[in-house]
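These are the residues of each chain, in order.
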Amino acid sequence: MKRRDYVSILPRSVAFAFLAPAVLFLATFLIFPVIWVLVISFTNTALTGPAGTSPSFVGVSNFSQLFNFARWMRLGEFGNALVNTVIFVLGSALLGQVPLGLAIAMLFHKRRGLSRELVFSLATMAWILPGVAVAFAWIAFLDKDFGNLNAILSVFGISKIDWYFDFPLYSIILFNVWRGTAFSMLLFSAALGNIPPSFWETADVIGASAWQRFRDIIFPLIRPNLFTALILVTLWTFNVFTPYLITGGGPLYRSETVSMYTYRIAFKFLEFGRGAAVAVIMMSINFILATIYLSLQRRRSLYGR
Amino acid sequence: MRWCWLVVMLVLGVGLSTVGETITLTVTARAVRGGVNSALVEWLEDRVFPAFVEWMRSQGKDVIVNFIQFGGSDEALKQQYALDLKVGRGADILGFDGFWIPEFDAAGLIKPLEEIVGSQVWDWDGWSYIPQGMREILGYRGKVYGLPIGTDVRVIFYRCDLFEKAGVIPAGSGLRWQPRSWEELLNTARYIKKVLPDVIPLQINAGTEMGEATTMQGWFMVLLGTGIHMYDFETGKWYGMHPGILEALNFYKTVYVDERLGDARLQLIPGARARTFELFRDGKIAMLVEGDWFWRSVLAPGSEWAIPNRNEVVDWAMMPAKEPGAGYRGQNFVTISGGTGFILNPNTAHPQEAWALLSFAFSWEMQMEFQKIQPRIRSRVDVPVIGDPVMSEMAKALLPYTTVRPMLPGYPKISYQAQLMTERVVSGQMSPEEAMAEYAEALKSIVGPESVIVLQEK
């Protein structure tokens, strides 16, 4: 494609002057910290102990420790956290939030009234309430002895289930679906609203079935939104930390995700060097996801829909 | 040269404002009024601070003293301190656990009293009442960093009411229970499990969730009973593999996995320690290995998990060695001591006033005030345990048997590995042999292979 030449209204130097504050801001708060984390990840920097006063360069040993395949799948090691994260993202974002959000949006499409307002308000509430508050609510909800869920299940004769102990990862997946579905729901709801009414009228006229409407109208038209939702939700879910407030990554690190692992190494063990190494890996994964998202976004805006 | 005038005026301004200025001192510790370590807040805020402010006023100085309550775990407080101190902030006086000292000192985050206050710190008359052993609680390499509140010991606490109900002790006999070996202890637990199936017979700390409470109240109490310590003070090496470690792990396996005399889940859930306190209070745990802190601060009337008739329903026994005479240094019974206290923040803007407050709090009068609120083993030899015969009896019986943790910067990391080792066994993830092999490997990477003892035979 050919670059279009714009007629500049400002001399180049003035343009750079206007850009400077933003560049400076980004450099100070984004680029410099990233480089700093990268540098630290090759040292044994720690807050306490002898390495606290005289950190030394340790090469790639922080990274090789993370990828020590003989033990990395042990509970509490990096591999375990990585696998947990993948399951968490797949379960709560790809299989949970996005399809559920789409389902709710479709269910209430072109409907008005109390039920829609109620569902939308509740879902949005779950999304915007402070994390600490909802974490406490969920601890109470899934408690083995006094939790609401077990109380409800006991009505159906199901004996007490120890959710956080026996199913910690599924518990936080369930929590995160509840927590984040609103985003997909709102996004798809807006996308559905943008579909020209004539399409629906045509579908009515030719007597298209619900499945045909979905396959031939909804899916092609909301595909870009679907993609946006998948990537953004994956990105957020990958980094989300709120479940830590519920399970603390436990028991036995069975619900520990990479973000919790990073926190534990860097801020509980106070080993910044090792923590930075995990952070570098996390940033790389984020970077890849963000690149995919941005490049597709750009392609879409260049070619139009 | 206009800026020059500006500087002069600024200096003058600052100088003038400090004359007759009110000094604010802050103290923090893991203590909340009506919550954890409530007695400490009551003592400081109600007794020490008012008296100190009065005393300073009589010397023509205006001071305000604030206590910052911290309600999180010990581990969270340590994390807070490390972050605060690294950026040169934090309260003037910090409630500190003795075993953190080497790790913080090695990182240059804290300094000995002498360096913060100056040599006049030794002019305080209280020093002559604080013996060397007590000074070492907040000491490292011969330097003293603060003043210890006191020391402690660890025992088995048991519910007399459950013991009588089960028939371990004849009801109303006033007899006391004291096991002489692990087998006797386990037999009591087995018996209670049979007679009182709803009660958890024995809870002995394991797992990383409880942090240092696992190492001190759990791992050490079992390991010392096999005849070894975690660290060999003579050779300066750590025990990585040893039959004693294996015996200790097998004890855990018996309790939590093979016979389920204890509830492993209770060790692994978030907030595990508070949950054991709650269950012991409610009479759902028959025996719990804990420090005397549990008696005087957790169960004491008015505390968070208070048992109103504590003295009738709770008693204690010494932790036996595996066999009589098989314990550490050939002992029949084992225990270990730690201690907390207060250190000065090296970043304090008022080192002299902060030291004045700290030494004032450790004066005989103020320590006696503390004894009235919470009797315990104090660091001053001229301050007796008053009003709590149980506490004094515990101290008298167990101080001869006690030992301490090695004061080394690497200890906290190794302690975590010991917690992880117990966790792997009680959760059934690994056999004792596998868990010990992992522990030895981790030790080697922390302190170097040359500092790890690997022994297959006793």
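Residues numbered from 1 in each chain as written. Chains lettered and ligands numbered in written order. Predicted model: local features only at pLDDT ≥ 70, side-chain atom pairs only at ≥ 80, totals over all residues. Heavy atoms only, no water.

1. Quick look at unusual backbone geometry
Part 1 of the argument: Not every positive phi belongs to a glycine, and A:Leu252 is a case in point at roughly 55 degrees.
Part 2 of the argument: Along the chain, A:Leu252 falls in the loop between helix H11 (243–247) and helix H12 (258–268).
Part 3 of the argument: With phi around 50 degrees, B:Arg260 is a residue other than glycine that occupies positive phi space.
Part 4 of the argument: According to the relative accessible area criterion, B:Arg260 is exposed, its value standing at 54%. (Helix = DSSP H or I, 4+ residues; strand = E, 2+ residues; numbered from the N terminus. Buried < 20%, exposed > 50% of the residue type's maximum accessible area, 1.4 Å probe, protein only.)

2. As for the interface of chain B and chain A
Part 1 of the argument: At the interface, 27 residues of chain B touch 26 residues of chain A.
Part 2 of the argument: Interface area for chain B against chain A, summed over the two sides, is near 2100 Å², with a carbon-plus-sulfur share of 58%.
Part 3 of the argument: Among the residues of chain B in contact with chain A, B:Gln79, B:Arg265 and B:Tyr416 are the three that bury the most area, contributing 24% of the side total.
Part 4 of the argument: Counting the contacts that link chain B with chain A gives 5 salt bridges. (Contact = heavy atoms within 4.5 Å. Buried area = accessible area lost by both parts, 1.4 Å probe. Salt bridge = Lys/Arg side-chain N within 4 Å of Asp/Glu carboxyl O.)

3. As for the pattern of salt bridges
Part 1 of the argument: In total, this model carries 36 salt bridges over all chains according to the counting rule given.
Part 2 of the argument: In the salt-bridge network here, residues are joined through shared partners; they are A:Arg71, A:Arg74, B:Arg424 and B:Glu438.

4. Focus on the domain arrangement of chain B
Residue and element names in this part refer to chain B.
Part 1 of the argument: Domain assignment breaks chain B into domain 1 (24–152 + 338–387) and domain 2 (154–336 + 406–454).
Part 2 of the argument: Just the C-alpha atoms count here: the centres of domain 1 and domain 2 sit 30 Å apart.
Part 3 of the argument: Listed as interface residues are 23 residues of domain 1 and, on the opposing side, 15 residues of domain 2.
Part 4 of the argument: For the pair domain 1 and domain 2, the summed buried surface comes to about 1600 Å²; carbon and sulfur atoms form 55% of the total.
Part 5 of the argument: The salt bridge involving aspartate 152 is made with arginine 154; its shortest N-O contact spans 3.1 Å.
Part 6 of the argument: On inspection of domain 1 and its partner domain 2, the count reaches 6 residue pairs in polar contact (both at pLDDT 80 or more). (Domains from an automatic or database assignment. Polar contact = N/O pair within 3.5 Å; in protein donor to acceptor, adjacent residues only side chain to side chain.)

5. Topic: the packing of aromatic side chains
Part 1 of the argument: All told, the structure shown has 55 aromatic pairs over all chains when counted by the stated rule.
Part 2 of the argument: Consider the rings of B:Trp124 and B:Trp127, whose centres lie 5.6 Å apart with planes at 80 degrees: the pair is edge-to-face.
Part 3 of the argument: Note on B:Trp124: relative accessible area 13%, which makes it buried.
Part 4 of the argument: A relative accessible area of 5% places B:Trp127 in the buried class.
Part 5 of the argument: Chaining the aromatic ring pairs together yields one cluster made of B:Tyr81, B:Phe96, B:Phe99, B:Trp100, B:Phe104, B:Tyr231, B:Phe233, B:Trp238 and B:Tyr411.
Part 6 of the argument: Seen from the ring of A:Phe120, A:Arg116 lies directly overhead, with NZ or CZ sitting 4.2 Å from the centre. (Phe/Tyr/Trp six-rings, centres within 6.5 Å; stacked < 30°, edge-to-face > 60°. Lys NZ or Arg CZ within 6 Å of the ring centre and 35° of its normal.)

6. Some thoughts on the environment of A:Ala51
Part 1 of the argument: Along the chain, A:Ala51 turns up in the loop between helix H1 (12–40) and helix H2 (61–66).
Part 2 of the argument: Residues within four places of A:Ala51 in sequence aside, it is in contact with A:Asn44, A:Thr45 and A:Ala46.

7. A few points about the pairing of strand S12 (residues 314–317) of chain B
Residues and elements named next belong to chain B.
Part 1 of the argument: Residues of S12 alternate between two faces, with Val314 and Trp316 on one and Asp315 and Ala317 on the opposite face, all of them buried.
Part 2 of the argument: Across 4 bridges, strand S7 (residues 154–159) lies against S12 in antiparallel orientation. Looking at S12, one finds that phenylalanine 157 is bridged to tryptophan 316. (Pairing = 2+ DSSP bridges.)

8. Section: the packing of helix H8 (residues 168–193) of chain A against helix H10 (residues 210–239) of chain A
Between two packed helices, what matters for the description is the angle formed by their axes and the separation of those axes.
Residues and elements named next belong to chain A.
Part 1 of the argument: Contact geometry of H8 with H10 gives a least axis separation of 10 Å together with a crossing angle of 150 degrees. If you check the angle between H8 and H10, you find them roughly antiparallel. When the axes of H8 and H10 are compared, the crossing they make is right-handed. Two secondary-structure elements touch here, H8 through Asn176, Phe183, Ser184, Leu187, Phe188, Ala191 and Leu192 and H10 through Ile218, Ile222, Asn225, Leu226, Ala229, Leu232, Val233, Trp236 and Thr237.
Part 2 of the argument: Class assignment of the residues belonging to the contact of H8 with H10 gives a composition of 12 nonpolar, 4 polar and no charged. (Axes fitted to C-alpha atoms, helices over the stretch in contact; angles between N-to-C directions. Parallel < 35°, antiparallel > 145°, perpendicular 65-115°, else oblique. Left-handed = near helix turned anticlockwise from the far one by under 90°. Nonpolar A, V, L, I, M, F, W, Y, C, P; charged D, E, K, R; others polar.)

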